Amino acid sequence: MIIDESQRGGIQILQPRGRIDGATSPEFQAKVLEALSQVGAGVIVDFSGVDYISSAGFRVLMTAMRQKKEGRLAVAALQPVIQEIFSIARFQHVVPIFASVDDAVKSWDIPAA
């Protein structure tokens, strides 16, 4: 798995590519937690290049949501099969899901309630 990184207006964008499973989840978790600890505005995980996520990947997102102190975490651009898995797992109740990175960035322009 490769994880590209960029920033947009103080928001860290992580773009993993490939599979997020038991073998790759430790690297994914390290990147997500590191990004959350360094960025005040938050982190968006762009899933456009992810073709598979296992329960290990969901655990990473759950852990990140629990450990974040400030800032936000969201996922965006889910492939249809990944969207279905998120929906079945009802993970939209755990982490915000956006159709695109642009949509996530725009939503964060609105002050958090």
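Cut-offs applied
Residues numbered from 1 in each chain as written. Predicted model: local features only at pLDDT ≥ 70, side-chain atom pairs only at ≥ 80, totals over all residues. Heavy atoms only, no water. Salt bridge = Lys/Arg side-chain N within 4 Å of Asp/Glu carboxyl O. Helix = DSSP H or I, 4+ residues; strand = E, 2+ residues; numbered from the N terminus. Buried < 20%, exposed > 50% of the residue type's maximum accessible area, 1.4 Å probe, protein only. Pairing = 2+ DSSP bridges. Core = buried A, V, L, I, M, F, W, Y, C linked by side-chain atoms within 4.5 Å. Contact = heavy atoms within 4.5 Å. Axes fitted to C-alpha atoms, helices over the stretch in contact; angles between N-to-C directions. Parallel < 35°, antiparallel > 145°, perpendicular 65-115°, else oblique. Left-handed = near helix turned anticlockwise from the far one by under 90°. Phe/Tyr/Trp six-rings, centres within 6.5 Å; stacked < 30°, edge-to-face > 60°. Lys NZ or Arg CZ within 6 Å of the ring centre and 35° of its normal. Polar contact = N/O pair within 3.5 Å; in protein donor to acceptor, adjacent residues only side chain to side chain.

*Asks:* Tell me what's going on with the pattern of salt bridges, and back it up with residues and numbers.
*Replies:* Under the criterion given, the structure shown has 4 salt bridges. With a closest N to O distance of 2.9 Å, R17 and D4 form a salt bridge. Within this pair, whereas R17 is found in strand β2 (residues 11-20), its partner D4 is found in strand β1 (residues 2-8), the two being separated by 13 residues in sequence. Here R17 falls in the partly exposed class, since its relative accessible area comes to 37%. Put simply, K31 and E5 hold a salt bridge, and the shortest N to O gap is 2.8 Å. Taken as a pair, K31 in helix α1 (residues 25-38) and E5 in strand β1 lie far apart in primary sequence, 26 residues in all.

*Asks:* Help me get a handle on the pairing of strand β5 (residues 72-76), residues and values and all.
*Replies:* In regular strands, side chains alternate between the two faces of the sheet. Burial analysis of β5 places 4 of its 5 residues in the buried class, the great majority of the element. Of the pairings in the sheet, the one linking strand β3 (residues 42-46) to β5 comprises 5 bridges and is parallel in character. Counterpart to V45 in the pairing with β5 is V75. Judged from the 2 bridges that link them, β5 and strand β6 (residues 97-98) form a sheet pairing that is parallel. Note on β6: the bridge partner recorded for V75 is I97.

*Asks:* So what's going on with the nonpolar core? Residues and values would help.
*Replies:* Among the nonpolar cores identified, the biggest contains 23 residues, and F28, V32, V45, F47, L73, V75 and F86 are the most heavily contacted of them. Residue assignment for this core shows that the elements contributing at least two residues are β2, α1, β3, β4 (49-53), α2 (55-67), β5 and α3 (80-88). Every residue in contact with V32, bar those within four places of it in the chain, is listed here: L14, V45, V60, A64 and L73. Listed in part, the 10 residues of the second largest apolar core include F98, V101, V105 and W108.

*Asks:* How would you explain the packing of α1 against α2 if you had to name every residue and give the values?
*Replies:* Between α1 and α2, the shortest axis-to-axis distance is 9 Å and the interhelical angle comes to 20 degrees. Relative to α2, the element α1 is oriented roughly parallel. The crossing of α1 and α2 is right-handed. Residue-level contacts link S25, F28, Q29, V32, L33 and L36 of α1 to A56, G57, V60, L61, T63, A64 and Q67 of α2.

*Asks:* Now, about the packing of aromatic side chains: what can you tell me, with residues and values included?
*Replies:* In this structure the tally under the stated criterion is 5 aromatic pairs. An aromatic cluster is present here, built from F28, F47, F58, F86 and F91 joined pairwise through their rings. When the ring centre of Y52 is taken as origin, the NZ or CZ atom of R19, which lies over that ring, is 4.0 Å away.

*Asks:* Talk me through the side chain of D21; I want residue IDs and the actual numbers.
*Replies:* For D21, the position within the fold is in the loop between β2 and α1. Relative accessible area serves as the criterion here: at 16%, D21 is assigned to the buried category. Of note is the side chain of D21, whose polar atom sits 3.3 Å from the side chain of R19. At a separation of 3.0 Å, a polar atom in the side chain of D21 contacts the main-chain amide nitrogen of A23.

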